[in-house]
Structures are given as structure tokens and as C-alpha cells.
Amino acid sequence: MIIRQTAIISSIFLILTSSLAFSAEPSSYNYKKLQQLANNFVQKQVTQPDNGRVEVVVNSLDPRMAPKVCASEPSIGFARNSGLESYTTVEIQCTSGTQPWRTYVPVRIYQYQEVWSAAVPMSPGHLINEHDLRIAEVDINQVRANVFTDKTLLVGARVKRRISAGDAIEARDTCLVCEGESVTIVAQDKSLRITASGKALGDGLQGESVAVRNVRSNKSLEAVVTGLNEVTVNL
């Protein structure tokens, strides 16, 4: 009985030591595996935009790169001065073993969102109607200014600069109230409505606050854009 117990204990010891030896076996990381590690890391960091999607594209590493060996899981993070920008860099580092290493993987992050764009070319002075607009998916990281997801903010607006067909319409491209142009100033409360002529001192879209000057009194005031060439002040 004692001999059998000893044999069983020896077998268990051999199994455990074999498992430990196997788990301690270094892992190899070729260029494809490094690219996949970088991709997985960035995918976990990004947030899907409303009515949009994110696409992560990892730049190819040199396929001639010799596989890298690490005795433990390598650490993964953004390289110094990098983050969730359009162009970023992921740092993969191994500090275990006799030959520690570090690899940098360039990554491109696209944030696509459906916004209103020009269905036809539009010139300065054109008043936008519904037929001028269409939904298009754009990389919002490449758009310099605010874009529109609400069509009601664009219909009736005046074009300030030329817009090519297919371009995402930016806030700087349009205005309902345009700087230097005449506007109607509406002052109102529940029972009274007074109008006056004014001049816009800035650009504004529906619901935005804009400075205007009363032509008669020459006084400036802040008012809310409520229509084409119209602003309203609540008394």
C-alpha cells in the first residue's frame, strides 16, 4: 500500500512539473501576431459614435521581421504622446527574459458618422432646400468644423461658400443670419410683438445666439436666430 501511494504521488508530481514547464514555455510573436495585438488593444479603447461606426486599420509591419520571444504576456499601451487620435502608435513591450524588446505599431482610427452632405453643387447665396441634401457617411476626424445630423438646421439656410456635390456641409458653409446682412429683429412676449430693422454682426444658424445692431437706435444686442434673416428677443 505504501509503495502504491508513493507511485501515485510521484505521478502527480511529474504531471504538475510538466504543466509548469509547459506554461513557462516562451511565446513567439511574429509581425502578424503583433499587428493583431495592436488591433485588439485599440478596439477595446474606442467608443462607437452615435449613428456611426469605428474602423481600426493597423499599418503593416515588415514581414521580414524576426519573430520576437517573450516568456510572459507582453504589455500593450499607447506610445508616449499617443492616444485615441486619427493616427496613433501602439507600444508592445516584453520585459521578461534575457532579451527584452519593444515594438511600435502605427494604427489609423476612422470614425465614420452619417451626416448631411450636398447632393448637388451649391454656390454662395443659394438657399438650401431638401432636394439639395443627402445623407453620407464621412470620417468625422477629417472634417475641420461642425457637421450636421439634423436636416432642419440646414433647410432654408443660405450658402456662404461654394460646396461641391458629395461634400459634408459644415457650419461655416451656411448661415440663416449672415454677418453684415439686414435682419428683422423681433421683440416679443405673450401678448406683444414688435419688429425693428437691424444688421447682423455675426453668422448664426437656427437656435443660435448672434449679435445684431438696431439700425434706428444704433444699439447692439444678443438675439436668437429664429428664421432666415430673423432674430428674436424675448421681453
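Placed above this text is the structure.
These lines cover the structure that appears in this document, whether it is placed above or below. This structure is a prediction, so every number in the text was calculated from the model and none was measured.

Regarding the pattern of salt bridges
Then, number 1: The tally for this structure, following the rule as stated, stands at eleven salt bridges.
Then, number 2: A salt bridge links Arg-108 to Asp-139; the shortest N-O distance between them is 3.4 Å. Of this pair, Arg-108 sits in strand β6 (residues 101-118) while Asp-139 sits in strand β7 (residues 133-139), and the two are 31 residues apart along the sequence. Across the pair, exposure class does not vary: Arg-108 and Asp-139 are buried alike.
Then, number 3: Salt-bridge contacts for Glu-170 lead to Arg-172; the nearest nitrogen and oxygen are separated by 2.8 Å.

Examining the layout of surface pockets
Then, number 1: Each pocket or cavity is described by its volume, and for the largest pocket that value is around 190 Å³.
Then, number 2: Around the largest pocket, the lining residues are Pro-26, Pro-67, Lys-68, Val-69, Cys-70, Ala-71, Ser-96, Gly-97, Thr-98, Gln-99 and Trp-101.
Then, number 3: Examining the composition of the lining of the largest pocket, we find that three residues originate from one element, strand β3 (residues 68-70), more than from any other.
Then, number 4: Classifying every residue of the lining of the largest pocket by side-chain character gives six nonpolar, four polar and one charged.

Observations concerning the state of the cysteines
Here is the idea: a disulfide is a covalent bond, and it sits between the sulfur atoms of two cysteines.
Then, number 1: If you walk through the whole model with that rule in mind, you get two disulfides.
Then, number 2: Each sulfur in the disulfide pair Cys-70 and Cys-94 lies 2.1 Å from the other. What sets the handedness of the Cys-70 and Cys-94 disulfide is the S-S torsion sign, and at about 90 degrees it is right-handed. Of the two residues, Cys-70 sits in strand β3 while Cys-94 sits in strand β5 (residues 87-94), which places them 24 residues apart along the sequence.

Things to note about the sheet that holds strand β11 (residues 193-200)
Each strand in a sheet pairs with another by means of backbone hydrogen bonds, the pair being arranged parallel or else antiparallel.
Then, number 1: Here we have five strands rolled up into a closed barrel, ordered β10-β11-β12-β13-β14, and mixed in their pairing. The sheet shows a mean angle of 55 degrees between the axes of neighbouring strands, taken without regard to direction.
Then, number 2: The pairing of strand β13 (residues 220-227) with strand β14 (residues 230-234) spans three bridges and is classified as antiparallel. Paired with Gly-227 across the two strands is Glu-230, which belongs to β14.

Observations concerning the side chain of Thr-174
Then, number 1: Structurally, Thr-174 is set in strand β9 (residues 174-175).
Then, number 2: Each residue touching Thr-174, except ones within four places of it in the same chain, is listed here: Ile-128, Phe-148, Leu-154, Ala-157, Arg-158, Lys-160, Ile-169 and Leu-205.

With respect to the pairing of strand β12 (residues 209-214)
Then, number 1: Along β12, the buried face is formed by Val-210, Val-212 and Asn-214; none of Ser-209, Ala-211 and Arg-213, which line the opposite face, is buried.
Then, number 2: Pairing analysis gives three bridges linking β11 to β12, with the strands arranged antiparallel. Along β12, the bridge assignment pairs Ala-200 with Val-212.
Then, number 3: Inspection of the sheet shows β12 paired to β13 by five bridges, in the antiparallel sense. If you follow Ser-209 over to β13, its bridge partner there is Val-224.

Observations concerning the packing of aromatic side chains
Aromatic rings in a pair are described by how distant their centres are and how their planes are angled relative to each other.
Then, number 1: Tallied over the full model, the rule gives three aromatic pairs.
Then, number 2: Taking the centre distance of 6.3 Å and the plane angle of 55 degrees together, the rings of Tyr-29 and Trp-101 count as tilted. Placement of Tyr-29 in strand β1 (residues 27-29) and of Trp-101 in strand β6 is noted, with a sequence separation of 72 residues between them.
Then, number 3: Its relative accessible area of 10% is what places Trp-101 among the buried residues.
Then, number 4: Between the aromatic rings of Tyr-110 and Tyr-112, the centroid separation amounts to 5.8 Å while the plane-to-plane angle is 5 degrees, which identifies the pairing as stacked.
Then, number 5: Tyr-110 gets classed as partly exposed once you look at its relative accessible area, which sits at 23%.
Then, number 6: Overall, Tyr-112 belongs to the buried group, its relative accessible area being 16%.
Then, number 7: Residue placement shows Lys-33 over the ring face of Tyr-29; its charged tip is 4.6 Å from the ring centre.
Then, number 8: Between the NZ or CZ atom of Arg-108 and the centre of the ring of Tyr-110, over which it lies, the distance is 4.1 Å.

Rules of the game
Residues numbered from 1 in each chain as written. Predicted model: local features only at pLDDT ≥ 70, side-chain atom pairs only at ≥ 80, totals over all residues. Heavy atoms only, no water. Salt bridge = Lys/Arg side-chain N within 4 Å of Asp/Glu carboxyl O. Helix = DSSP H or I, 4+ residues; strand = E, 2+ residues; numbered from the N terminus. Buried < 20%, exposed > 50% of the residue type's maximum accessible area, 1.4 Å probe, protein only. 1 Å grid on protein atoms, 1.4 Å probe; cavity = no way out; pocket = protein on both sides within 12 Å on 5 of 7 lines; lining within 4 Å. Points joined across faces, edges and corners; volume = space filled by probe spheres on them. Nonpolar A, V, L, I, M, F, W, Y, C, P; charged D, E, K, R; others polar. Disulfide = S-S within 2.5 Å. Pairing = 2+ DSSP bridges. Axes fitted to C-alpha atoms, helices over the stretch in contact; angles between N-to-C directions. Contact = heavy atoms within 4.5 Å. Phe/Tyr/Trp six-rings, centres within 6.5 Å; stacked < 30°, edge-to-face > 60°. Lys NZ or Arg CZ within 6 Å of the ring centre and 35° of its normal.

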